[in-house]
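Survey of secondary and tertiary structure
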Amino acid sequence: MGKNTGSFAPGLPGERMRPAVVARAFQTLPSVHREILTETVFRERSVNEAAASLGVPVDVVKVRVYHALRALSTALDAPRPTA
């Protein structure tokens, strides 16, 4: 059967991918990263569609997606403040 891909943080099954955790991490990203992830992930647009929507070359979209996903991964790994 398929692998469980619900989490990629060892020792924290599922914690890293919980919607609330991802939403908090997403909000910490710079606006350029949020914009590109909104276009490609949330609106499910191809890089060509995102490029047309944003008025930038396809290669720029690819680079922005790469950097945005790395930033999101880093934000997900950052320690959460305790109340």
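Here's a quick rundown of the structure. (Residues numbered from 1 in each chain as written. Predicted model: local features only at pLDDT ≥ 70, side-chain atom pairs only at ≥ 80, totals over all residues. Heavy atoms only, no water.)

One pass over the full model with this rule turns up one aromatic pair. Between Phe26 and Phe42, the ring centres sit 5.3 Å apart and the planes meet at 85 degrees, which makes this aromatic pair edge-to-face. In this pair, Phe26 sits in helix H1 (residues 19-27) while Phe42 sits in helix H2 (residues 31-42), placing the two residues 16 residues apart along the sequence. Among the residues examined, Phe42 registers a relative accessible area of 54% and is labelled exposed. (Phe/Tyr/Trp six-rings, centres within 6.5 Å; stacked < 30°, edge-to-face > 60°. Helix = DSSP H or I, 4+ residues; strand = E, 2+ residues; numbered from the N terminus. Buried < 20%, exposed > 50% of the residue type's maximum accessible area, 1.4 Å probe, protein only.)

Right, let's talk about the nonpolar core for a bit. Counting residues in hydrophobic clusters, the biggest one holds 14 residues, and the most contacted among them are Leu29, Ile36, Leu37, Val61, Leu72 and Leu76. Within the residue set of this core, elements represented by two or more residues are H1, H2, helix H3 (47-54) and helix H4 (58-77). Ranked by the residues each element gives to this core, the list is headed by H4, at five residues. Discounting residues that sit within four places of it in the chain, Ile36 has contacts with Leu54, Val61, Arg64, Val65 and Ala68. (Core = buried A, V, L, I, M, F, W, Y, C linked by side-chain atoms within 4.5 Å. Contact = heavy atoms within 4.5 Å.)

Attention now moves to the pattern of salt bridges. Counted by the stated rule, this structure contains two salt bridges. Across the pair Arg45 and Glu39 runs a salt bridge whose closest N-O atoms are separated by 2.3 Å. When salt bridges with common partners are traced through the structure, they connect Glu39, Arg43 and Arg45 into a single cluster. (Salt bridge = Lys/Arg side-chain N within 4 Å of Asp/Glu carboxyl O.)

One non-glycine residue, Glu44, lies in the positive phi region at around 55 degrees. Here Glu44 shows up in the loop between H2 and H3.

Here we take up the packing of H1 against H4. Packed helix pairs are specified by the crossing angle of their axes together with the interaxial distance, meaning the distance between the axes. Two numbers describe how H1 lies on H4: the axes approach to 9 Å, and their chain directions differ by 120 degrees. With respect to each other, H1 and H4 are oriented oblique. Regarding H1 and H4, the two cross each other, and that crossing is right-handed. Residues Val21, Val22, Ala25 and Phe26 of H1 form the contact with H4, whose own contacting residues are Leu72, Ala75 and Leu76. (Axes fitted to C-alpha atoms, helices over the stretch in contact; angles between N-to-C directions. Parallel < 35°, antiparallel > 145°, perpendicular 65-115°, else oblique. Left-handed = near helix turned anticlockwise from the far one by under 90°.)

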